[in-house]
Amino acid sequence: MAGQPKPRAEGAPVGRRAVLGMLGAGAAGLAAAPYLQRGWEGLLGAASQVDATGLTGLLPNPGGFRYYSVVGSVPRKDETNYALTVGGLVTKPKTYTLSDLRAMPQTRVVHDVVCTDGWRVDKTPFDGVKLADILDASGVRSPGAAVRFTCFDGAYTESLTLEQARRSDILVALNMQDKPITHEHGGPVRLYVAPMYFYKSAKWLSGISVTDKVVPGFWEERGYAIDGWLDDADRHGEAA
Ligand SMILES: Nc1nc2c(c(=O)[nH]1)N[C@H]1C(S)=C(S)[C@@H](COP(=O)(O)O)O[C@H]1N2
Ligand SMILES: [Mo]
């Protein structure tokens, strides 16, 4: 004879098994939604976006980052196949491999990472090549006034004015927290725009194109501000 399921007392703590079940169901429910499909970070990325309990924050998720992607899967790139193309309104279009970028002078920027969703990671070190150096190497030509970034996820885009792009706290970043940027964080190469909200920092960077005016990026076409300045940013100077 089948026993009656026992009603759970109101306010009783949700068991560990139930929490794991919810996380599993949440991740499975995201099958058609944007998330990364591989690895622990990918699973956390998926779970954290459907987790109303906040309990994914208790799983080992070092440093408090959330993992975002607007597409379901992104090709992996490494030293054998990574390429960054620089073109548009420049005199010398160029393509950089990962080792080309590693051989250039490296700059370190330490700043707080802040997402518009409300999470932040204070004093995060990034290292890489100054975007300004890459623009100088290709020579911006008239009427170049803005920079557009594309990503090898095939969907995300970002943009900056040329004046912003020449700041010394904006990097074509290779390292984050003193380690090569992982695939989940947009590696091997992502943009890091220290004085602005993290949505400006395009992951999986594949292209830099100088344009005559600012072309709104992925989120900016969906309502985000084109200028993503953080509250403490010195808008005309350098790193705050
Ligand atoms: N290609 C790409 N870049 C992106 C995004 C994205 O979905 N795709 N999300 C942006 C947003 S909103 C944030 S907060 C950060 C998240 O970076 P993380 O996944 O390394 O934490 O990446 C930004 N760059
Ligand atoms: Mo974000």
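For the structure, see preceding data.
Residues numbered from 1 in each chain as written. Chains lettered and ligands numbered in written order. Predicted model: local features only at pLDDT ≥ 70, side-chain atom pairs only at ≥ 80, totals over all residues.

J.: Break down the site of ligand 1 for me, citing the residues and quoting the values.
T.: Near ligand 1, the surroundings consist of 18 residues, among which Cys-115, Tyr-156, Phe-198, Tyr-199 and Lys-203 are the closest. The residue makeup of the shell around ligand 1, split by class, is 11 nonpolar, four polar and three charged. (Near = placed C-beta within 6 Å. Nonpolar A, V, L, I, M, F, W, Y, C, P; charged D, E, K, R; others polar.)

J.: Could you give me a rundown of the environment of Val-129, with the residues and numbers involved?
T.: With respect to the helices and strands, Val-129 occurs in strand S4 (residues 120-130). For the pair Val-129 and Leu-174, spaced 45 residues apart in sequence, the C-alpha to C-alpha distance is 7.9 Å. Once residues lying within four places of it in the same chain are set aside, the contact partners of Val-129 are Leu-101, Met-104, Gln-106, Ile-134, Leu-171 and Val-172. (Helix = DSSP H or I, 4+ residues; strand = E, 2+ residues; numbered from the N terminus. Contact = placed C-beta atoms within 7 Å.)

J.: Explain the nonpolar core to me, and be specific about the residues and the numbers.
T.: Ranked by size, the top nonpolar core spans 42 residues in total, and within it Val-147, Leu-171, Val-172, Ala-173, Leu-191, Tyr-192 and Leu-205 carry the most contacts. The set of elements that each furnish at least two residues to this core consists of strand S1 (84-88), strand S3 (107-114), S4, helix H4 (131-138), strand S5 (146-151), strand S7 (170-176), strand S9 (190-193) and strand S10 (205-211). (Core = buried A, V, L, I, M, F, W, Y, C linked by C-beta atoms within 7 Å. Buried ≥ 20, exposed ≤ 12 C-beta atoms within 10 Å, placed from the backbone.)

J.: Give a detailed account of unusual backbone geometry, specifying residues and quantitative values.
T.: With omega at 0°, the peptide bond leading from Ser-142 into Pro-143 counts as cis. Inspection of the secondary structure assignment puts Pro-143 in the loop between H4 and S5. If you check the backbone angles, Lys-123 has positive phi at about 45° while not being a glycine. As for its position among the elements, Lys-123 is in strand S4. Residue classification places Lys-123 among the exposed residues on the basis of 8 C-beta atoms within 10 Å. Backbone geometry at Trp-204 places phi at a positive 55°, although glycine is not the residue there. Relative to the helices and strands, Trp-204 is located in the loop between S9 and S10.

All we've got here are geometric facts, nothing functional implied.
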